[in-house]
Amino acid sequence: MEYSIDSMSNDDRESIMDIFNYYVESTFAAYPENKLPYQEFDMFLKMSDGFPRGTIKDKNGNIVGFGMLRSHNPMPTFSHTAEVTYFLHPDHTGKGLGRMLLDSLEKDAVKKGITNILAQISSKNSSSIKFHEKNGFTECGRFRKVGRKKGQKFDTVWMQKML
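Keep in mind it's a predicted model, so treat the numbers as computed, not measured.

Taken as a whole, this structure holds ten salt bridges when the rule is applied. A salt bridge links Glu 83 to Arg 70; the shortest N-O distance between them is 3.1 Å. With Glu 83 in strand 4 (residues 81–88) and Arg 70 in strand 3 (residues 63–71), this residue pair connects regions lying 13 residues apart in the sequence. Considered together, Glu 83 and Arg 70 belong to a single accessibility category, that of buried residues. For Arg 144, the salt bridge goes to Asp 155, with nearest N and O atoms at 3.5 Å. Within this pair, whereas Arg 144 is found in strand 6 (residues 138–149), its partner Asp 155 is found in strand 7 (residues 152–162), the two being separated by eleven residues in sequence. Residue classification places Arg 144 among the exposed positions, given a relative accessible area of 61%. On the basis of relative accessibility, which here comes to 11%, the residue Asp 155 falls in the buried class. Each of Arg 99, Asp 103, Glu 106 and Lys 161 takes part in a single network of salt bridges with overlapping partners.

Set out below in structure tokens:
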């Protein structure tokens, strides 16, 4: 199947929030305990304003994933460092789409002068840790038992990729 990367817009609200909420309800990949309302999409747009972001669409124009960079720290001293977030519809994982999206975000990041990308990952999300390792990220820190979801404590694993 053919896929393309497109810009993220307000029209993508429901599709993106539906994908994100799948991970909220079913996994430790997204941190909220409960589904977020569609209005929370505005938070995604605000967090990633001025940074690379995009959607992955199938050949029919359906959104099957999204990703964005955002500020790691608002101080200008850290303007060359961004945090990454991306999620794929569960039916579309394992097809190289995460790599495709990461490549796009990295290319646009370099154009904006970003030289470091950080990923914060739940220790209970081993597939994401493996994905990041496979794509050039290295673990650079871990905060132990700082998260709690569904009654289970978890670490946040910080991974870094120098561009």
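Right, let's talk about unusual backbone geometry for a bit. One non-glycine residue with positive phi stands out, namely Lys 145, at about 50°. Of the residues examined, Lys 145 reaches a relative accessible area of 61% and is grouped as exposed.

Another aspect to go through is helix 4 (residues 126–134). The complete set of buried residues in helix 4 reads Ser 128, Ile 129 and His 132. Seen along its axis, helix 4 keeps its buried residues to an arc of 100°; they face one direction. Opposite its buried face, helix 4 presents the exposed residues Ser 127, Lys 130 and Lys 134, each directed more than 90 degrees away. Those residues of helix 4 that are buried are in contact with strand 4, strand 5 (116–122) and strand 7.

Parameters and conventions
- All chains use their own residue numbering, which begins from 1 and follows the written sequence.
- Only residues with pLDDT of at least 70 are given local features in this predicted model, and only at 80 or more are side-chain atom pairs given and counted; all residues enter the totals for whole chains, interfaces and linings.
- Hydrogens and waters are ignored; side-chain quantities use all the structure's heavy atoms.
- A side-chain nitrogen of Lys or Arg and a carboxyl oxygen of Asp or Glu constitute a salt bridge if their distance falls within 4 Å.
- The way it works is that DSSP assigns letters per residue, a run of H or I at least four long becomes a helix, a run of E at least two long becomes a strand, and they are numbered from the N terminus.
- Exposure categories follow from relative accessible area, calculated using a 1.4 Å probe and restricted to protein chains: below 20% of the type maximum is buried, above 50% is exposed, and the middle band is partly exposed.
- By arc we mean the arc of the directions from the helix axis to the C-beta atoms, nothing more.
- Should any heavy atoms of two residues lie within 4.5 Å, those residues are considered in contact.

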